[in-house]
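Architecture at a glance
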Amino acid sequence: GLRSLRDDVREVWAYRDLLFLLIRRDVSIRYKQSAVGIGWALIQPLLTMLIFTVVFGNFARLPSEGYPYALFTMCALVPWTFFVRALGGASGSIVGSSNMVTKVYFPRLVLPISKTVSGIVDFAVAFALLAVMLLIYRVSPSLTGLLLLPIFLFMALATAFGIGLWLTALNVKYRDVGLLVPFLAQIWMYVSPIAYSSEIVPERY
């Protein structure tokens, strides 16, 4: 018969120890043999922010809603980087763990969940950088914004997991999907108001 969402949740909860183990493994492996280590979680959004600030802020002189362009861009890049990494990890989770999938039984949902959730560590590091920038530029976030932050984080996580779940199923059959995801994410970034303000986008769009 058809499985219900409740059945899937119960099965994942029954294998929660495996889920936590995979999350910890994903975080440790990502930086284990890296000279910079977890600093990569800072380098990527920082360098992207510098490029956007120079190209779009200084050269193109696009509006930034009254905020310093570097800070304006970083506020968008921190959640976006988290979303892209979670999406990429989730979409390749089944194929990347094919040796594990074929040897033992466990709920397959554990794999994309672990890849999605493990990105929270990178998000926390990048968010700390954003907090430092807020102090440097003396910009205070509103209380409403701080209260809504967990909701926005959950929305980014849920969206990455949902799309990643669909893509990882396709990736098992069509390996082209694994090559398409980074390209799709790059296009998605430029068609979204991340490097520029939504104020310059015509209202009909």
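Residues numbered from 1 in each chain as written. Predicted model: local features only at pLDDT ≥ 70, side-chain atom pairs only at ≥ 80, totals over all residues. Heavy atoms only, no water.

Here we take up the environment of Lys103. Relative to the helices and strands, Lys103 is located in the loop between α6 (98–101) and α7 (110–117). We classify Lys103 as exposed; its relative accessible area is 69%. (Helix = DSSP H or I, 4+ residues; strand = E, 2+ residues; numbered from the N terminus. Buried < 20%, exposed > 50% of the residue type's maximum accessible area, 1.4 Å probe, protein only.)

Contact geometry for helix α4 (residues 69–91) and helix α8 (residues 119–136): axes closest at 9 Å, N-to-C directions at 175°. The angle between α4 and α8 falls in the class roughly antiparallel. Facing α4, whose interface residues are Ala70, Leu71, Met74, Cys75, Val78, Pro79, Phe82 and Arg85, α8 presents Gly119, Ile120, Asp122, Phe123, Ala126, Phe127, Leu129, Leu130, Met133 and Leu134. In the contact of α4 with α8, the residues fall into 15 nonpolar, 1 polar and 2 charged. (Axes fitted to C-alpha atoms, helices over the stretch in contact; angles between N-to-C directions. Parallel < 35°, antiparallel > 145°, perpendicular 65-115°, else oblique. Contact = heavy atoms within 4.5 Å. Nonpolar A, V, L, I, M, F, W, Y, C, P; charged D, E, K, R; others polar.)

A few words now on the packing of aromatic side chains. Counted by the stated rule, this structure contains 9 aromatic pairs. Measuring from centroid to centroid gives 6.0 Å for Trp80 and Trp188, while their planes differ by 75°, and the two rings are edge-to-face. Taken together, the residues Trp80 in helix α4 and Trp188 in helix α10 (residues 176–191) connect sequence positions 108 residues apart. Judged by relative accessible area, which is 11%, Trp80 ranks as buried. Among the aromatic residues, those joined into a cluster by ring pairs are Phe52, Phe56 and Tyr190. The lysine or arginine in question, Arg108, covers the ring of Phe106, its NZ or CZ lying 4.9 Å from the ring centre. (Phe/Tyr/Trp six-rings, centres within 6.5 Å; stacked < 30°, edge-to-face > 60°. Lys NZ or Arg CZ within 6 Å of the ring centre and 35° of its normal.)

The α-helix winds at 3.6 residues per turn, so residues separated by three or four positions along the chain end up facing the same way. Along its 31 residues, helix α9 (residues 143–173) runs 46 Å from first to last C-alpha, staying within 8% of the 45 Å computed at 1.5 Å per residue. If you look at α9, its biggest bend is around 40°, right at Leu149, and the proline Pro150 turns up within four residues after that. What α9 keeps buried is the set Ala156, Leu157, Ala160, Gly164, Leu167, Thr168 and Asn171. Buried residues along α9 sit in contact with α4, α5 (93–96), α7, α8 and α10. (Expected span 1.5 Å × (residues − 1). Bend = angle between axes of the 7 residues up to and from the residue.)

If the charged atoms of two oppositely charged side chains come close together, the side chains can form a pair. Considering all chains together, one arrives at 3 salt bridges under this definition. As a salt-bridge pair, Lys115 and Asp26 come within 3.4 Å of each other at their nearest N and O atoms. Taken together, the positions of Lys115 in helix α7 and Asp26 in helix α2 (residues 16–32) put the pair 89 residues apart, joining distant regions of the chain. A salt bridge links Arg85 to Asp122, with the nearest nitrogen and oxygen atoms 3.1 Å apart. With Arg85 in helix α4 and Asp122 in helix α8, this pair connects stretches of sequence that are 37 residues apart. (Salt bridge = Lys/Arg side-chain N within 4 Å of Asp/Glu carboxyl O.)

Looking now at the environment of Leu19. Assignment of secondary structure puts Leu19 in helix α2. Linking Leu19 and Asp8, residues 11 residues apart in sequence, is a C-alpha distance of 14 Å. Look past the residues within four positions of Leu19 in its chain and what remains in contact with it is Val12, Val110, Ile113 and Ser114.

Our focus in this paragraph is the confidence of the model for the chain. Per-residue confidence for the chain averages 89 on the pLDDT scale, and 96% of its residues sit at or above 70. The secondary-structure element of the chain with the lowest mean pLDDT is α6, recorded at 84, while α4 shows the highest, at 93. (pLDDT = per-residue confidence, 0-100.)

Turning to the nonpolar core, a few remarks are in order. Among the nonpolar cores identified, the biggest contains 30 residues, and Met49, Met74, Val78, Leu87, Met133 and Ile194 are the most heavily contacted of them. The set of elements that each furnish at least two residues to this core consists of α3 (40–59), α4, α8, α9 and α10. Considering each element in turn, this core owes the most residues, 12 residues, to α4. Counting 10 residues, the second largest nonpolar core, distinct from the first, contains Leu19, Leu22, Ile23 and Val110. (Core = buried A, V, L, I, M, F, W, Y, C linked by side-chain atoms within 4.5 Å.)

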